[in-house]
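These are the residues of each chain, in order.
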Amino acid sequence: MKAIKHIGLVIFLIGLGIFTALPLLGTFNLNETDFNTIISNQNIKSEVFINELKSEVVGKDFNGMQTLSPKISKAISNANEAHTKNKEWDKKIYTKSSDMAAMIGKTSANGFIANNKGLVWFLTFGLGIIGALMFILPNVILLGAKGIKNDGIYHESATNRGWIGWMVFIFLVSFYLVLYFASEYATNWTLLVDPISEALSGNPAGHWFVYGFMYCVVMTVMAVRMYIKYRHNIYQVFRTTSVLFFQIVFAFLIPEIMVRLQMPYYDFKNAFPLDYDFFFQWNLKNLINNGGIGIFILVWGIVLTLIIVPVMVYFFGKRWYCSWVCGCGGLAETLGDPYRQHSDKSLFAWKVERYLIHAVLVFVVVMTGMTLYSFFTESGTVLGIQTSTVQNIYSLIIGSIFAGVIGTGFYPIFGNRVWCRFGCPLAAYLGFVQRFKSRFRITTNGGQCISCGNCSTYCEQGIDVRAYAQKGENIIRSSCVGCGICSAVCPRGVLKLENGPEKGRINPTEILLGNDVDLMDLVNQK
Amino acid sequence: MEHIVIIGNGISGVTLARHIRKLSDKKITIVSAETDYFFSRTALMYVYMGHMKFEHTQPYENWFWKKNRIELKKGYIKTVETKSKTLHFADGDTLQYDKLVIATGSKPNKFGWPGQDLNGVLGMYHKQDLENLEKLAPSKEVCKRAVIVGGGLIGIELAEMLNSRKIPVTFLVRESSFWNGVLPEGESQMINEHIKHHHIDLRLSTNLKEIKSDENGNVKSVIIEETSEELTCNVVGLTAGVSPNIDFIKDSEIETGRGVKVNRFLETNIPDVYAIGDCAEQHEAIGNRRPIEAVWYTGRMMGETLAQTICGNRIAYKPGHWFNSAKFLDIEYQTYGWVHGSKGRPDYEQHFHWKHPKEDICITVAFHKDTNEFLGINTFGIRMRHEIFDRWLTEKRDVNHVMSYLKDANFDPEFYKAYESDIIKQFNTEFNTNLTTHKKSWKRIFSKA
């Protein structure tokens with residue numbers, strides 16, 4: 001069994017290695033016809049750009065995106081410099097250079113990778129999946145009888161911020177940087193999943209399709225790990241199945257199929273303000289121009305945020321969204337589960353959390369207000385501030401860096417819920433409902449707590465669960481996503497997630513259950 | 001300002017200090033020789049097993065003490081002079097108090113076995129024991145076998161700890177079945193099986209004769225009393241219970257028995273000196289409880305109670321209905337009220353035992369043979385709601401009521417399979433009753449008695 005695990009690890013690392021090398025491999029040769037198509041599709045009028053590309057790029061062989069991409073970005077900057085100087089504003093190119101490079105790379109890729117998509121898919125995704133499963137599946141036997149399996153978590157380099165943890169950190173951060181800021185380097189990855197994308201939406205894959213596909217694959221494989229680790233705990237089994245279902249069906253399949261049906265791309269479970277660009281002008285216009293289905297999505301999106309989400313939080317707590325439905329939560333609960341113990345439990349971290357997450361909520365609300373004002377008044381500015389500038393800042397700082405690079409990249413260092421805890425504006429909104437008007441609580445079982453600290457250690461949201469449990473108090477915290485792990489790891493059966501009457505939900509206790517001091521004496525003394 | 005000095009920074013002393021601070025402005029000093037800060041002793045096992053780091057066992061952040069004006073002093077107290085109200089430290093330092101609270105907890109028992117002080121022999125109680133174990137048994141390569149002597153809750157925890165690092169364990173238990181002084185036969189048997197299932201070499205009805213040393217004074221092997229068998233091992237864990245850690249006051253005027261003798265108000269024979277927690281010994285046991293209770297929550301409750309007394313509201317220590325919990329490897333155990341093992345079981349106590357046909361899940365309900373009054377419940381693998389059983393015991397409900405409303409008491413996580421109908425079916429067959437289970441009702445759960 002151990003041998004299978006080790007072989008699996010090697011296979012996985014080979015797959016991962018090839019995948020990681022792909023961005024710098026591959027050959028590209030842009031032919032005249034494809035070039036002309038791009039020029040006319042993109043409506044490029046800059047003869048500076050066209051001439052430079054014709055002499056530098058068209059018909060030439062390039063080995064690796066790192067040789068092609070600089071030529072394109074140079075051509076764009078040369079062109080824009082010249083046109084700015086000559087005040088030829090209509091000739092300026094507003095397409096980002098990495099998007100242009102990605103577009104050219106995609107059409108001009110030839111050679112081994114482009115001609116052997118299936119084989120290279122197998123050598124990357126295939127080996128990764130097989131290796132990972134070979135690493136994970138033997139745990140059915142190796143982990144022994146069912147029960148809590150946290151032995152050695154703080155002895156392992158991977159889960160104790162050791163060198164493996166830091167390597168994973170570097171890999172994840174780099175991956176997100178490529179994805180958000182240098183998507184041309186994802187070109188070869190997009191080639192591998194072209195057949196899948198074409199089968200679903202009919203279009204070749206872009207880098208976001210690669211991301212969506214990977215997301216599903218990673219979640220599925222790591223869900224297998226969850227099923228094995230928590231096989232004694234039916235709550236965890238159900239919850240894992242639920243997030244997996246919503247990711248694959250709602251976030252991945254339905255939007256792609258909708259594109260095939262000439263409908264707008266839309267994830268029906270992705271609620272504003274997590275879905276921060278829902279009210280952006282381009283999206284509203286797109287929805288309105290899409291007839292019945294567009295209007296339906298528009299209404300659904302508003303109803304989801306204003307009615308469905310808070311009502312569900314009232315009945316079930318925000319867990320119904322954050323740890324049963326949400327994609328960010330889904331990745332955190334599968335890929336991120338081995339890192340849940342790294343969330344900071346200090347009071348200081350809690351303070352930072354409250355400032356940050358509510359600041360993001362205010363930011364998104366203000367930005368959306370400006371967006372809607374601009375949309376209805378058709379003015380680009382509000383009080384002299386350019387709406388699009390605010391939108392761009394939010395997209396960059398919050399949407400890309402916070403949610404992506406930090407949110408997932410920092411898993412091995414700061415735990416698996418960095419984004420959900422410190423940044424997600426939807427979580428902040430749901431948190432208000434959960435804290436002030438909800439039936440959900442984690443009940444503390446009388447006086448049974450022995451202050452061991454397993455609950456706090458494994459709380460991914462950094463809640464000091466023990467601080468409440470040892471006082472006999474129920475845990476009512478806006479940040480709790482109801483993952484249920486505190487209850488699972490408790491050795492004394494102290495914690496239970498439940499939905500019950502609001503009355504008595506918050507229960508401050510002077511003297512814990514079991515200590516029969518005369519309460520009238522106590523009261524009279526005060 | 002009155003100066004309260006608490007010796008011991010365990011759960012009793014710290015709970016006391018916190019509650020005195022809530023109620024007053026008195027000067028508070030906590031003295032400990034073990035650690036700088038309060039930690040949860042019950043969690044030491046998880047540090048060795050790699051579930052946590054030591055810092056996670058500390059329930060309060062380090063700034064907490066200063067913020068709450070609770071002074072911490074690290075030092076070992078050698079003698080207590082009650083006439084002049086002075087504490088003498090081993091390093092020559094002294095400390096004056098106005099009120100003194102002894103909350104020094106326990107220390108592992110040693111019964112005079114030959115070789116019990118060798119290098120490689122340890123208890124599992126103090127932080128130092130954990131550090132020692134980490135040195136002596138870091139891996140199965142260094143520690144080829146460990147022998148544990150004494151089949152109580154600490155014994156099985158130590159077995160689980162060593163097992164987590166794949167160190168072979170031989171577990172010597174004096175009793176004929178694990179913990180059968182406390183557990184009824186069926187449950188004790190189930191735990192025996194569970195221990196063996198984890199590849200722990202459980203030896204029942206087996207006593208330690210001596211621990212043998214190699215030429216360097218390290219443990220080499222143990223000899224078993226009954227068979228004279230010699231077991232080669234590197235580590236010996238002595239977990240045959242604990243006793244009050246009060247050697248330093250033996251020469252003072254404070255009355256001691258096994259522990260520090262206290263009345264119901266937790267006062268010793270000397271004015272302004274109190275004792276709480278594991279080291280306190282009641283003159284007369286309270287109800288079915290033992291005079292010395294080495295239980296986490298009783299220490300906490302004594303701290304809560306004594307804080308009232310010290311702050312001018314003199315009240316007696318009145319622990320309510322007995323309850324407790326533990327975990328035997330993978331099996332969680334909870335108990336509410338009294339369910340006796342074969343030893344010390346009163347004649348009137350009748351048992352109803354239900355066990356899952358396949359899983360390690362079972363319950364034992366104790367009730368009065370003649371009156372049917374519900375006396376207590378043991379549950380294994382099912383979590384139960386403390387509040388409900390506490391109420392049923394106060395209301396002196398009969399066993400039929402408990403059986404019918406068992407769903408109100410279930411505390412398992414959501415979606416778990418429930419066994420109330422299986423349980424009641426067997427109960428009906430055994431006792432010729434015709435009970436039905438009632439649906440869980442939030443109204444009943446939250447109605448105060």
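Fair warning: this is a prediction, and the values are worked out from it, not measured in the lab. (Residues numbered from 1 in each chain as written. Chains lettered and ligands numbered in written order. Predicted model: local features only at pLDDT ≥ 70, side-chain atom pairs only at ≥ 80, totals over all residues.)

**What to know about the overall build of chain A**
Link 1 in the chain: From N to C terminus, chain A includes 25 helices and seven strands.
Link 2 in the chain: Taking 526 residues into account, the globule formula puts the C-alpha radius of gyration at 24 Å, and chain A, at 26 Å, falls close to it.
Link 3 in the chain: Projected onto its principal axes, the C-alpha coordinates of chain A cover approximately 95 × 65 × 40 Å.
Link 4 in the chain: With 526 residues in all, chain A has 45% of them scored as buried.
Link 5 in the chain: Once local pairs closer than 6 in sequence are excluded, the contacts in chain A between residues at least 24 apart make up 76%. (Helix = DSSP H or I, 4+ residues; strand = E, 2+ residues; numbered from the N terminus. Rg over C-alpha atoms; globule rule 2.2 N^0.38 Å. Buried ≥ 20, exposed ≤ 12 C-beta atoms within 10 Å, placed from the backbone. Contact = placed C-beta atoms within 7 Å.)

**Here's the deal with unusual backbone geometry**
Link 1 in the chain: The omega torsion across Phe272 of chain A and Pro273 of chain A is 5 degrees, close enough to zero to call that bond cis.
Link 2 in the chain: Mapping Pro273 of chain A onto the fold places it in the loop between helix H12 (234-260) and helix H13 (281-288).
Link 3 in the chain: The phi dihedral of Lys85 of chain B falls on the positive side, at around 50 degrees, and the residue is not glycine.
Link 4 in the chain: Of note, Lys85 of chain B is situated in the loop between strand S4 (77-81) and strand S5 (86-89).
Link 5 in the chain: Residue classification places Lys85 of chain B among the partly exposed residues on the basis of 18 C-beta atoms within 10 Å.
Link 6 in the chain: Of note in the backbone geometry, Trp179 of chain B takes a positive phi value of approximately 55 degrees without being a glycine.

**Topic: the UniProt feature "domain: FAD/NAD(P)-binding" (unreviewed entry) in chain B**
Link 1 in the chain: UniProt marks residues 3-285 of chain B with the feature "domain: FAD/NAD(P)-binding" (unreviewed entry), using the numbering shown here.
Link 2 in the chain: Its end C-alpha atoms 31 Å apart, residues 3-285 of chain B is made of 20% helix and 28% strand. (UniProt positions renumbered as here; feature names shortened; annotations may be inferred.)

**A few points about the UniProt feature "transmembrane region" (unreviewed entry) in chain A**
Residue and element names in this part refer to chain A.
Link 1 in the chain: Here, UniProt's "transmembrane region" (unreviewed entry) annotation points to residues 7-26, 119-142, 163-182, 208-228, 240-259, 293-316, 355-373 and 393-414.
Link 2 in the chain: Across residues 119-142 one finds 92% helix and 0% strand; the C-alpha atoms that close the span lie 33 Å apart.
Link 3 in the chain: A distance of 27 Å separates the end C-alpha atoms of residues 355-373, which is 100% helix and 0% strand.

**Regarding the packing of helix H1 (residues 2-21) of chain A against helix H7 (residues 117-136) of chain A**
Residues and elements named next belong to chain A.
Link 1 in the chain: Between H1 and H7, whose axes approach to 7 Å, the crossing angle comes to 155 degrees. Relative to H7, the element H1 is oriented roughly antiparallel. Here H1 runs over H7; the crossing is left-handed. Packed against H1, whose contacting residues are Ile4, Lys5, Ile7, Gly8, Leu9, Ile11, Phe12, Ile14, Gly15, Leu16, Ile18 and Phe19, the element H7 presents Leu123, Thr124, Gly126, Leu127, Gly128, Ile130, Gly131, Ala132, Met134 and Phe135 at the interface.
Link 2 in the chain: Tallied by class, the residues present in the contact of H1 with H7 amount to 15 nonpolar, six polar and one charged. (Axes fitted to C-alpha atoms, helices over the stretch in contact; angles between N-to-C directions. Parallel < 35°, antiparallel > 145°, perpendicular 65-115°, else oblique. Left-handed = near helix turned anticlockwise from the far one by under 90°. Nonpolar A, V, L, I, M, F, W, Y, C, P; charged D, E, K, R; others polar.)

**Looking at the domain arrangement of chain B**
Residues and elements named next belong to chain B.
Link 1 in the chain: What the domain assignment reports for chain B is domain 1 (3-107 + 243-310), domain 2 (121-240) and domain 3 (323-446).
Link 2 in the chain: Taking the mean C-alpha position of each, domain 1 and domain 2 sit 30 Å from one another.
Link 3 in the chain: Listed by partner, the interface residues are ten residues for domain 1 and ten residues for domain 2.
Link 4 in the chain: For the side of domain 1 that touches domain 2, the elements supplying multiple residues, two or more each, are helix H2 (44-48) and strand S8 (106-108). (Domains from an automatic or database assignment.)

**Notes on the domain arrangement of chain A**
Residue and element names in this part refer to chain A.
Link 1 in the chain: Domain boundaries assigned for chain A yield domain 1 (1-142 + 186-225) and domain 2 (165-181 + 263-526).
Link 2 in the chain: The interface is formed by nine residues belonging to domain 1 together with six residues belonging to domain 2.
Link 3 in the chain: Its residues assigned to classes, the side of domain 1 that touches domain 2 shows eight nonpolar, one polar and no charged.

**Considerations on the sheet that holds strand S21 (residues 323-328) of chain B**
Residues and elements named next belong to chain B.
Link 1 in the chain: Ordered in space as S21-S22-S25-S24-S23, the five strands form an open sheet in which the pairing is antiparallel. One side of each edge strand has no neighbouring strand; the edge strands of this open sheet are S21 and strand S23 (349-355). Within this sheet the neighbouring strands show an average axis-to-axis angle of 10 degrees, counted without direction.
Link 2 in the chain: Both strand S22 (residues 331-337) and strand S25 (residues 374-380) contribute to a ladder of five bridges, which runs antiparallel. Bridged to Thr335 within S25 is Asn378. (Pairing = 2+ DSSP bridges.)

**A word on helix H16 (residues 327-334) of chain A**
Link 1 in the chain: Across the eight residues that make up H16 of chain A, a large majority, eight, are buried.
Link 2 in the chain: Among the residues of H16 of chain A, Gly327, Cys328, Gly329, Gly330, Leu331, Ala332, Glu333 and Thr334 of chain A are the ones counted as buried.

**Structural notes on the nonpolar core**
Link 1 in the chain: Grouped together as the largest cluster of nonpolar side chains are 254 residues, with contacts concentrated most on Cys486 of chain A together with Val101, Ala146, Val236 and Ile276 of chain B.
Link 2 in the chain: For this core, the element with the highest residue contribution is helix H11 (residues 207-229) of chain A, accounting for ten residues.
Link 3 in the chain: Ile276 of chain B has contacts with Ser12, Leu16, Val101, Ala103, Leu266, Gly299, Met302, Gly303 and Leu306 of chain B, leaving out every residue within four places of it along the chain. (Core = buried A, V, L, I, M, F, W, Y, C linked by C-beta atoms within 7 Å.)

**Quick notes on the interface of chain B and chain A**
Link 1 in the chain: If you look at the interface, chain B gives 46 residues, while chain A gives 49 residues.
Link 2 in the chain: Where the side of chain B that touches chain A is concerned, the elements lending two or more residues are helix H7 (296-310), S21, S22, helix H8 (386-394) and helix H12 (442-446) of chain B.
Link 3 in the chain: Looking at the side of chain B that touches chain A residue by residue, the class counts come to 18 nonpolar, 15 polar and 13 charged.

**Re the sheet that holds strand S2 (residues 61-63) of chain A**
Residues and elements named next belong to chain A.
Link 1 in the chain: Spatially, S2-S1-S3 is the arrangement adopted by the three strands of the open sheet, whose pairing is antiparallel. Of all strands in the sheet, those with a lone pairing partner are S2 and strand S3 (109-110), marking the two edges.
Link 2 in the chain: Where strand S1 (residues 27-29) meets S2, three bridges bridge the pair, whose relative direction is antiparallel. Residue pairing across strands places Thr27 opposite Asn63, the latter belonging to S2.

**Let's talk about the pairing of S25 of chain B**
Link 1 in the chain: By the criterion of burial, S25 of chain B is predominantly enclosed, with seven of the seven residues buried.
Link 2 in the chain: Between strand S24 (residues 362-368) of chain B and S25 of chain B, which follow one another and run antiparallel, lie five residues, and Asn372 of chain B among them has a positive phi close to 70 degrees.

**A word on H12 of chain A**
Residues and elements named next belong to chain A.
Link 1 in the chain: An ideal rise of 1.5 Å per residue puts 39 Å on 27 residues; H12 measures up with 37 Å between its terminal C-alpha atoms.
Link 2 in the chain: When the local axis directions of H12 are compared, the greatest deviation, roughly 35 degrees, occurs at Leu253, which is followed within four positions by the proline Pro255.
Link 3 in the chain: Among the residues of H12, those classed as buried are Tyr235, Gln236, Arg239, Thr240, Val243, Leu244, Phe246, Gln247, Ala251, Phe252 and Glu256.
Link 4 in the chain: Residues of H12 that are buried in the fold lie against helix H10 (187-200), H11, H16 and helix H24 (485-489). (Expected span 1.5 Å × (residues − 1). Bend = angle between axes of the 7 residues up to and from the residue.)

**Notes on the environment of His353 of chain B**
All names here are of chain B.
Link 1 in the chain: Mapped onto the secondary structure, His353 falls in strand S23.
Link 2 in the chain: Since 17 C-beta atoms lie within 10 Å of it, His353 is described here as partly exposed.
Link 3 in the chain: Separated by 43 residues in sequence, His353 and Ile310 have C-alpha atoms that sit 45 Å apart.
Link 4 in the chain: Leaving out residues up to four positions away in the same chain, His353 has contacts with Pro184, Gly186, Cys362 and Thr364.

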